Amino acid sequence: MAQVSDIAVYQKLSEVADELDQLASQGATLVGEVALETAAKTVRGMANAVYKHIMSASDETMDS
C-alpha cells in the first residue's frame, strides 16, 4: 500500500469538508442539512489538526 503524505491528507480532508458543505446547502431536510454541516465541521477539524502537525514539524525543522 502506498504511503500518503500529511499534506495530501490535509488537502483531501479539506476537499471532503468543502463537498459536505456544498451538499448541506442542498439538503432536502433540516435534519439532513444539520447532519452534513456537523460532518463538515468534524472533517474540517481533522484537517486543521493535520495542518497544525505539518506546521509544527516545519517549525522544528527550521529550529534545527
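Quantities reported herein were computed from a predicted structural model and do not represent experimental measurements.

## So, the packing of aromatic side chains
Aromatic ring pairs: the centre-centre distance and the angle between the two ring planes describe each pair.
Move 1: Scanning the model with the defined rule gives one aromatic pair in all.
Move 2: Their ring planes at 40° and their centres at 5.4 Å tell us that Y10 and Y51 sit as a pair that is tilted. Here Y10 is found in helix α1 (residues 6–25), whereas its partner Y51 is found in helix α2 (residues 30–63), with 41 residues between them in sequence.

## Focus: the side chain of S14
Move 1: Residue position: S14 is located in helix α1.
Move 2: Of the residues examined, S14 reaches a relative accessible area of 18% and is grouped as buried.
Move 3: Ignoring sequence-local partners within four residues, the contact set of S14 consists of R44 and A47.

## Things to note about the pattern of salt bridges
Pairing is possible between side chains of opposite charge, provided their charged atoms come close.
Move 1: Counted according to the given criterion, the structure contains three salt bridges.
Move 2: When the shortest N-O distance is used, the salt bridge between E15 and K12 registers 3.2 Å. Taken as a pair, E15 and K12 lie in helix α1 at a separation of three residues, close to a single helical turn.
Move 3: On the accessibility criterion, E15 (37% relative accessible area) is partly exposed.
Move 4: Counted as one network, the salt bridges with shared partners bring together D18, D21 and R44.

The rules behind these values
- Residues numbered from 1 in each chain as written.
- Predicted model: local features only at pLDDT ≥ 70, side-chain atom pairs only at ≥ 80, totals over all residues.
- Heavy atoms only, no water.
- Phe/Tyr/Trp six-rings, centres within 6.5 Å; stacked < 30°, edge-to-face > 60°.
- Helix = DSSP H or I, 4+ residues; strand = E, 2+ residues; numbered from the N terminus.
- Buried < 20%, exposed > 50% of the residue type's maximum accessible area, 1.4 Å probe, protein only.
- Contact = heavy atoms within 4.5 Å.
- Salt bridge = Lys/Arg side-chain N within 4 Å of Asp/Glu carboxyl O.

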